[in-house]
Amino acid sequence: MSSDRFHTVVLRVENKAGVLARVAGLFARRGFNIDSLAVAPTEDDRFSRITFTVDVESAPLDQVVKQLNKLINVVEITELDPKSSVERELMIITVNVAPENRGQVMDLVRIFEAKVLNVGYDQMMLSLSGAPSRVDDFEQLLSPHGIVELQRTGRVALRRLDKIQAAPSAEES
Amino acid sequence: MKTNGGSALIASLEREGVDVVFGLPGGAILPVYDPILDSSIRHILVRHEQGAGHMAQGYAHATGRPGVLMVTSGPAATNIVTPLCDAYMDSIPLVAITGQVPYSAIGTDAFQECDTTGITMSVTKHNFLVTDAADIPQVIHDAFHIATTGRPGPVLVDIPKDIVDPNNPRSALEMYQPDGPKLPGYQPQPEPEATLIADAIELIQQAERPVIYAGGGILKARAAEALRALADAADIHVVTTLMARGAFPDDHPLCLGMPGMHGNYTAVTAMQQADLLIALGARFDDRVTGRLDGFAPEAKIIHADIDPAELNKVRRADVAIVGDSRLVIEAMVEGLAAAGPSPADRSEWRSRISGWRERFPLTYDEHVPGEGLKPQQVLEQLRDGSPEDTIVTSGVGQHQMWAAQHWTFRHPYTWINSGGLGTMGFSIPAAIGAKVGMPDRTVWAVDGDGCFQMTAQELVTAAVERIPVKVALLNNGYLGMVRQWQEMFYEERFSEVELGQAVPDYVKWAEAMGCVGIRAESPEEVEPAIAQANDIDDRPVVVEFRTEATEKVFPMVPAGKTNSDIMVHPSQEGQQR
């Protein structure tokens, strides 16, 4: 996924019934293509945070932001440039693993610092949280084994801290 | 004060200064209709809920105050979707109250239940589903604030029956005065940035071929006077779009009239050849621009609008200003006064414009004995026989374009039509709403026979409520604009456009509805019919003019063509462009 084409936008919205429908309805009727969407309450229970990535080839980012701003329940809009933000995504994945292949899969689990959530006779359920590109890599390397089921959360993101304060993050990829 | 949701709702409307509500009661909204009996608010009982919506629009446009409508749940709510969408497209401030099934029944497919907020989400500026009676005073206050500020628009408030029914404990509340709007995500920016005004002034000063492109936002911002000051100060010609007719007087020497698909040649061509367009409260609608990639190719753009999302949406602006049109224009007038006269030589441009005006005035063929009346001539006679400040409403189609072209609008808020959505049947209910808001003014609804048959039942409302509107029905027996397109672009293959001129009998129909019905078929009958209608002031009048079906609207920019390809009236085709 090219970072030029997909931009991450964060909305602070009023925590009211139907707000997600308003946002999603706007995307649909204005023809904005959304690649990923994550919604959850914030530290302040009056507001929720919606993080989404939009395909700016489907509509200019400027229009996306301005149209969203017209929604009365949208309180704040921030565009997060990938270079100045930290993005994370969680994936839970079940793969086919014949007993003789378990070693190979466990190597990947160790390299990616993933977690084993559940083990069956010939299947394993794994989880990985990390930068979206790293989650992509993990998924791709597992796919030859046969992916039974997977669920990704959609990316969430926060602005990177000022240089003076920022501590190096061990998880960066 | 202890009260119930229904009484609190009516009290909240009174507090917002509402004097008229257009509506029709039904099951879910019944408890709100009871306190209306004890209220100062006048309720106009419509015959179809769509009529309530368009009446509220006509009222809002004519008075500048928000229009209020109230209907029940389900089918009543779906019947107002068209006027809501119409008001959304044309930025008309409305507050619509809809009844809803009791809160506990929502989602159970109850009788007359529909997902009103879901259905109207995309055709309102905002909508509310109120779930707690205590929220009613605040929500009504917020609804009026949203509808009337920033870019105006319709707001819907959906009210479940249990929270307004005094017999239900859920309707109990302590009445209170809201402490201002509670809308953390809503902050319109009416004040323009000074640096952008300075940039605009610089472009205006340099321009040799400037045109002011005035849109409906001028009227919403009550900026007609300011616009006149700007045009006079800068000595720049003005075009007024379909939504802005009357925002600048048609008899002012700098007024070029209406641009667009059926605009006059001079307005269209001046925009097309301009080196600067000053767009004020306009949105570069496709009916104005024609094919976009060929629109005003040499023009720099100053674009001011209260809605930031309109800027750079269709055409990239060289100077994009967020702000209320009146404040923007006043700042421009001040800036121009400080800058002094423009150093640019505009004499060649002025002579170009006067040449077009001379060669390409609006025109039509003379009436041929034995044929139907010329609709343009009828409208000119109507204009000349009616008071100068007459309010004109129209439906959608040929009659709308002829009215917009041939009327001389000298005052703002004298022209009310459905521009963006193009809603047939708009005219009669809009006229009723306008007359309710402006009872001392003459209100003429210009209508076509196709439109008339969509909303004529509201003339019963007008007769019963003693709202003496007048209808000029241009009856050509066809869906005229569709007929014109089929004649010009579908090789005269007329598919499903003939309505017939004789059935229904409009005079009898008018009389059956409690109106006076008059028919004019020959040119000598036109003037007396108009005079007779203008003399009647105690009931509605319908004057049916039997017009010529083959008459077409010119000029015309065919769909998909650029404004340079404008087709003029056949008699002007040989003229040098």
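Each value, and the rule that gives it
- Along every chain, residues carry numbers that run from 1 in the direction the sequence is written.
- Going through the entries in the order they are written, you letter the chains from A and number the ligands from 1.
- This being a predicted model, a pLDDT of at least 70 is required before a residue's local features are given, and a value of 80 or more before pairs of side-chain atoms are given or counted; all residues contribute to the totals for chains, interfaces and linings.
- Think of the side-chain values as coming from all heavy atoms in the structure, minus any hydrogens and water.
- Secondary structure counts use DSSP, requiring at least four H or I residues in a row for a helix and at least two E residues in a row for a strand, with both numbered from the N terminus.
- Exposure categories follow from relative accessible area, calculated using a 1.4 Å probe and restricted to protein chains: below 20% of the type maximum is buried, above 50% is exposed, and the middle band is partly exposed.
- Only heavy atoms matter for contacts: two residues are in contact if any of them lie within 4.5 Å across the pair.
- Using a 1.4 Å probe, the Shrake-Rupley method yields the accessible areas, and only the shown protein chains count as cover for residues.
- Neither His nor the chain ends contribute to the count of charged residues, in which Lys and Arg are positive and Asp and Glu negative.
- All charge positions are set by atom: Lys at NZ, Arg at CZ, Asp at CG, Glu at CD.
- Domain start and stop points were drawn from an automatic or database domain assignment.
- Here the quantity called buried area is the total loss of accessible area, with a 1.4 Å probe, experienced by two parts when brought into contact, counted for both.
- What counts as a salt bridge is simple: a side-chain nitrogen of Lys or Arg found within 4 Å of a carboxyl oxygen of Asp or Glu.
- Classification used: nonpolar for Ala, Val, Leu, Ile, Met, Phe, Trp, Tyr, Cys and Pro, charged for Asp, Glu, Lys and Arg, polar for all others including Gly.
- Two strands qualify as a pair provided DSSP detects at least 2 bridges between them.
- Under this scheme, a helix contributes an axis fitted over its contacting stretch, all axes are lines through C-alpha atoms, and angles between N-to-C directions fall in the 0 to 180 degree range.
- Predictor confidence is given residue by residue as pLDDT, running from a minimum of 0 to a maximum of 100.
- Here, nonpolar core refers to any group of buried Ala, Val, Leu, Ile, Met, Phe, Trp, Tyr and Cys residues whose side-chain atoms link them within 4.5 Å.
- In protein, a polar contact requires one atom able to donate a hydrogen and another able to accept it; more generally it is a pair of N or O atoms within 3.5 Å, and residues adjacent in sequence count only if both atoms are side-chain atoms.
- To pair, rings of Phe, Tyr and Trp, with the six-membered ring standing in for Trp, must have centres within 6.5 Å; the planes then decide the type, stacked if under 30 degrees apart, edge-to-face if over 60, and tilted in the middle.

Here we take up the overall build of chain B. Helix and strand content of chain B: 22 helices and 20 strands. With the principal axes as the frame, chain B shows a C-alpha extent of 75 × 65 × 40 Å. When burial is assessed residue by residue, chain B has 61% of its 577 residues classed as buried. Sequence separation of at least 24 residues holds for 75% of the intrachain contacts in chain B that already meet a minimum separation of 6. When the accessible area of chain B is evaluated, it comes to approximately 21500 Å², of which 49% is carbon and sulfur surface. Put simply, chain B has 44 plus and 75 minus side-chain charges, and the middle of one group is 2 Å from the middle of the other.

All names here are of chain B. Domain boundaries in chain B define domain 1 (2-174), domain 2 (194-359) and domain 3 (375-546). Put simply, the middle of domain 1 and the middle of domain 3, counted by C-alpha atoms, are 30 Å apart. Between domain 1 and domain 3, the residue contacts involve 24 residues of the former and 29 residues of the latter. Buried surface at the junction of domain 1 and domain 3, summed over both partners, amounts to about 2000 Å²; 65% is from carbon and sulfur atoms. In terms of surface lost to domain 3, no three residues of domain 1 exceed Arg47, His61 and Ala62, which account for 27% of the buried area on that side. Taken together, the links from domain 1 to domain 3 amount to 1 salt bridge. Here the side of domain 1 that touches domain 3 gets 10 residues from one element, more than from any other, and that element is helix 3 (residues 49-63). In terms of residue class, the side of domain 1 that touches domain 3 is made up of 10 nonpolar, 10 polar and 4 charged.

Next up on the list: the sheet that holds strand 20 (residues 541-546) of chain B. Pairing between the strands of a sheet is mediated by backbone hydrogen bonds and can be parallel or antiparallel. All names here are of chain B. Reading across the sheet, the 6 strands line up as 16-15-17-18-20-19 and stay open at both edges, with parallel pairing between neighbours. Lying at the two open borders of the sheet, with one neighbouring strand each, are strand 16 (415-416) and strand 19 (516-520). Contacts between helix 17 (residues 427-437) and the sheet are confined to strand 15 (391-394), strand 16, strand 17 (443-448) and strand 18 (470-475), with strand 17 contributing the most and set at about 175° to the helix.

For the rest of this paragraph, the subject is the confidence of the model for chain B. Detailed reading of the predicted model is not advised wherever pLDDT is low. Looking at chain B as a whole, its pLDDT mean stands at 97, while 100% of the residues score no less than 70. ipTM for the predicted complex: 0.90, alongside a pTM of 0.95.

All names here are of chain A. Split into domains, chain A comes out as domain 1 (6-80) and domain 2 (86-158). Counting residues at the interface gives 9 residues for domain 1 and 7 residues for domain 2. Summed over both sides, the interface of domain 1 with domain 2 buries roughly 570 Å², with 54% coming from carbon and sulfur. Where domain 1 touches domain 2, the interface holds 0 salt bridges. Put simply, the parts of the chain that give the side of domain 1 that touches domain 2 at least two residues each are strand 1 (6-14), strand 2 (33-41) and strand 3 (47-55). Residues of the side of domain 1 that touches domain 2, tallied by class, amount to 4 nonpolar, 4 polar and 1 charged.

A few words on the pairing of strand 1 of chain A. Residue and element names in this part refer to chain A. The element strand 1 is largely enclosed, with a buried count of 7 among its 9 residues. Note that strand 1 and strand 3 share 9 bridges and pair antiparallel. Bridged to valine 9 within strand 3 is phenylalanine 52. For strand 1 and strand 4 (residues 74-80), the ladder comprises 6 bridges, and the chain directions are antiparallel. Each residue of the ladder has a partner; that of valine 9, found in strand 4, is glutamate 79.

What follows deals with the nonpolar core. Grouped burial of nonpolar side chains is what soluble globular proteins tend to show. All names here are of chain B. Judged by nonpolar contacts, the single largest core of 47 residues is most densely connected at Phe22, Ile432, Val436, Phe452, Leu459 and Val471. For this core, the two domains that each supply at least three residues are domain 1 (2-174) and domain 3 (375-546). Ignoring sequence-local partners within four residues, the contact set of valine 436 consists of Val20, Phe22, Arg42, Ile44, Tyr59 and Ile467. Membership of the second largest hydrophobic core comes to 36 residues, among which are Ala214, Ala244, Cys255 and Met332.

Here we come to the side chain of aspartate 55 of chain A. Residue and element names in this part refer to chain A. Looking at where aspartate 55 falls in the secondary structure, it is placed in strand 3. For aspartate 55, a relative accessible area of 5% puts it in the buried group. Here glutamate 57 takes part through its backbone nitrogen, which lies 2.9 Å from a polar atom of the side chain of aspartate 55. The residues contacting aspartate 55, other than those within four sequence positions of it, are Arg5, Phe6 and Asn33.

This next bit is on the interface of chain B and chain A. Counting from both sides, the interface comprises 17 residues of chain B and, opposite them, 16 residues of chain A. When the buried surface of chain B facing chain A is broken down by residue, Met121, His126 and Gly185 of chain B rank first, second and third, together holding 34% of it. Run the count over chain B and chain A and you get 1 salt bridge. Among the ionic pairs, aspartate 307 of chain B bridges to lysine 70 of chain A, the shortest N-O distance being 2.5 Å.

So, about the side chain of glutamine 484 of chain B. All names here are of chain B. Looking at the element boundaries, glutamine 484 is found in helix 20 (residues 480-489). The exposure class of glutamine 484 is buried, given its relative accessible area of 0%. Sequence-distant contacts of glutamine 484, that is, excluding residues within four places in its chain, are made with His262, Gln398, Lys552, Val553 and Met556.

With that out of the way, let us pick up the packing of aromatic side chains. Residues and elements named next belong to chain B. This model, assessed by the stated rule, comprises 13 aromatic pairs over all chains. Between tryptophan 485 and phenylalanine 489, the ring centres sit 5.5 Å apart and the planes meet at 75°, which makes this aromatic pair edge-to-face. On the criterion of helical spacing, the pair formed by tryptophan 485 and phenylalanine 489 is a turn pair, its members being 4 residues apart in helix 20. The class for phenylalanine 489 is partly exposed, based on a relative accessible area of 33%.

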